[in-house]
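Coordinates in review
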Amino acid sequence: MKKKKSKTGRQPIEAAGGIVMRGRVRPLFAVVQLRRQRTWVLPKGKLNRDESALAAARREAIEETGHDVSVHEFLGSVGYKSGGRPKIVRFWRMQASSRPVAKLMRDVRAVRWLPLAQATAMLTHDRERVFLEKVGPHAMRQALSKRNARKIVTSRRKKAAPSGKRMATGAAEQPKRLVTPHACKRRTQPPARQLPRATVHGENTRHRPREIVRKLWTWLRQ
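The structure displayed is predicted, hence computed values, not measured ones.

**Topic: the overall build of the chain**
Of the regular secondary structure elements, the chain holds seven helices and seven strands. Burial analysis of the chain (222 residues in total) assigns 30% to the buried set. Considering only contacts within the chain whose residues lie at least 6 apart along the sequence, 67% involve residues at least 24 apart.

**Here's the deal with the side chain of Q33**
With respect to the secondary-structure elements, Q33 resides in strand β2 (residues 28–34). Classification of Q33 by relative accessible area gives buried; the value is 8%. Once residues lying within four places of it in the same chain are set aside, the contact partners of Q33 are R38, T39, W40, D107, V108, R109 and A110.

**As for the pattern of salt bridges**
With the rule as written, the count across this model stands at eight salt bridges. Here E14 makes a salt bridge to R90, at a shortest N to O gap of 3.0 Å. Highlighted residues: E14 in strand β1 (residues 13–22) and R90 in strand β6 (residues 85–96), separated in sequence by 76 residues. Where R129 meets D126, a salt bridge forms, and the shortest distance between an N and an O atom there is 1.9 Å. Taken as a pair, R129 and D126 lie in helix α3 (residues 126–177) at a separation of three residues, close to a single helical turn. The class of R129 is partly exposed, set by a relative accessible area of 24%. Here the salt bridges share partners, and the residues they tie into one network are E51, R59, E60 and E63.

**Comments concerning the pairing of β1**
Walk down a regular strand and you will see the side chains alternate between the two sheet faces. Most of β1 sits inside the fold, with eight of its ten residues counted as buried. Bridge count for β1 against β6 is nine bridges, and the pairing is parallel. Bridging across to β6, G18 finds its partner in W92. Alignment of β1 against strand β4 (residues 44–46), held across three bridges, turns out to be antiparallel. Bridge pairing links G17 to K44 in β4.

**Quick look at the packing of aromatic side chains**
Per the stated rule, a full pass over the model turns up two aromatic pairs. Ring geometry for F74 versus W92: centroids 5.2 Å apart, planes at 65 degrees, classification edge-to-face. Of this pair, F74 sits in strand β5 (residues 69–82) while W92 sits in strand β6, and the two are 18 residues apart along the sequence. A residue is classified by how much of its surface remains accessible, and F74, at 42% relative accessible area, is partly exposed. Its guanidinium or amino end placed over the ring of Y80, R127 lies 3.6 Å from that ring's centre, counting from NZ or CZ.

**What to know about the pairing of β6**
Where β5 lies against β6, eleven bridges are found, and the strand directions are antiparallel. Along β6, the bridge assignment pairs S77 with R90. Hairpin connection, β5 to β6: the antiparallel pair is bridged by two residues, and G83 has positive phi, about 65 degrees.

**Remarks on the confidence of the model for the chain**
Averaged over every residue, the pLDDT of the chain is 79; the share at 70 or more is 66%. Long-range and interchain partners of residues 151–155, a stretch whose pLDDT sits below 50, account for zero contacts in this model, where long-range means more than four residues apart. When the criterion is pLDDT under 50, residues 165–173 qualifies, and its contacts beyond four places in sequence or with other chains add up to one contact.

Thresholds, definitions, all that
- Residues numbered from 1 in each chain as written.
- Predicted model: local features only at pLDDT ≥ 70, side-chain atom pairs only at ≥ 80, totals over all residues.
- Heavy atoms only, no water.
- Helix = DSSP H or I, 4+ residues; strand = E, 2+ residues; numbered from the N terminus.
- Buried < 20%, exposed > 50% of the residue type's maximum accessible area, 1.4 Å probe, protein only.
- Contact = heavy atoms within 4.5 Å.
- Salt bridge = Lys/Arg side-chain N within 4 Å of Asp/Glu carboxyl O.
- Pairing = 2+ DSSP bridges.
- Phe/Tyr/Trp six-rings, centres within 6.5 Å; stacked < 30°, edge-to-face > 60°.
- Lys NZ or Arg CZ within 6 Å of the ring centre and 35° of its normal.
- pLDDT = per-residue confidence, 0-100.

This is the structure in structure tokens:
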């Protein structure tokens, strides 16, 4: 007699989704309404065959919101039973494009972009409300920190541009400061000490070497 398979041995249903935000100054969160159940939920869906959870999360977010998204850090998982089987949904933080790039899929009736408190209150299921209350503030902080970091980089680049222009202008104007070779010598070389007359005129150096040496020694000792 064959033994019946226990329900506990069933493989869990794998799904993935995103905490999708739009805007960086005051981020808005996406909640979607399903057409059949008329429930408001977070963007998510089941994995296709041979599809990774990350790829499925991005695909479902685009299909259910109509916006292109960039995927960021992993936020957590939600587990519950669906049709008598355990279901695990993994969520990532996502940033949506400012404008939609595609139409909503058939299963989605509408999408709304709301502040965190209103988006949490709009969700139908308690499990998703609790999850968004927990990860929503963290997602907002991450989005704002990315925005501030981008502002710092942009301001640094703007400050560096004029200095580069000044350097280029200074390099171009440098030859104009050079006046004459005579003026350059006066700037770079110290004033020469006046040598004794015997070292300047060649006719004296031929006949009076001792006198020249004596005068040089006296001059050096001064």
